[in-house]
Amino acid sequence: MKSRKIPLRKCVACGEMMPKKSLIRVVRSPEGEVSIDLTGKKSGRGAYLCGKESCFKLAHKNRALDRALKATVGPEVYEQLARDFLAVEETFLAERDKEEVDDE
């Protein structure tokens, strides 16, 4: 049987190419709202971050999300994303570990 091609995406902070499922997607909706998309299916322009807090902080410092989303991301949005990011980090890492075990 032919093995499936795994889509790769680049973390906007560290620049590391990783499988799409192991990254967290930040999306700017057509209405201009910026949020975290764990499903990877929300409509809008997306940017990907590693599941590490250090990458999120680096993206904030370098304004990488502004460039990737092609919109100015205000400080209040970064603060909201920081809260959301910390809230979903444990869930995201647990799901990623579970998928890695299932793949083996």
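Residues numbered from 1 in each chain as written. Predicted model: local features only at pLDDT ≥ 70, side-chain atom pairs only at ≥ 80, totals over all residues. Heavy atoms only, no water.

**Observations regarding the environment of Ala 13**
Stage number 1. You can see Ala 13 is positioned in the loop between strand 1 (8–10) and strand 2 (17–19).
Stage number 2. With sequence-adjacent residues up to four places away left out, Ala 13 is seen in contact with Leu 49, Cys 55, Leu 58 and Ala 59. (Helix = DSSP H or I, 4+ residues; strand = E, 2+ residues; numbered from the N terminus. Contact = heavy atoms within 4.5 Å.)

**A word on the pattern of salt bridges**
Stage number 1. Summed over the entire model, instances satisfying the criterion amount to 2 salt bridges.
Stage number 2. Between Arg 25 and Asp 37 there is a salt bridge, and its shortest N-O distance comes to 2.8 Å. In this pair, Arg 25 sits in strand 3 (residues 24–28) while Asp 37 sits in strand 4 (residues 34–37), placing the two residues 12 residues apart along the sequence. The same class applies to Arg 25 as to Asp 37, namely buried.
Stage number 3. The partner of Arg 63 in a salt bridge is Asp 66, with the nearest N and O atoms 2.7 Å apart.
Stage number 4. Owing to a relative accessible area of 13%, Asp 66 belongs among the buried residues under this scheme. (Salt bridge = Lys/Arg side-chain N within 4 Å of Asp/Glu carboxyl O. Buried < 20%, exposed > 50% of the residue type's maximum accessible area, 1.4 Å probe, protein only.)

**Notes on the environment of Glu 33**
Stage number 1. Relative to the helices and strands, Glu 33 is located in the loop between strand 3 and strand 4.
Stage number 2. Spatially, the C-alpha atoms of Glu 33 and Ser 54 are 24 Å apart, while their sequence positions differ by 21 residues.
Stage number 3. Excluding its chain neighbours within four sequence positions, the residues that come into contact with Glu 33 are Val 27 and Arg 28.

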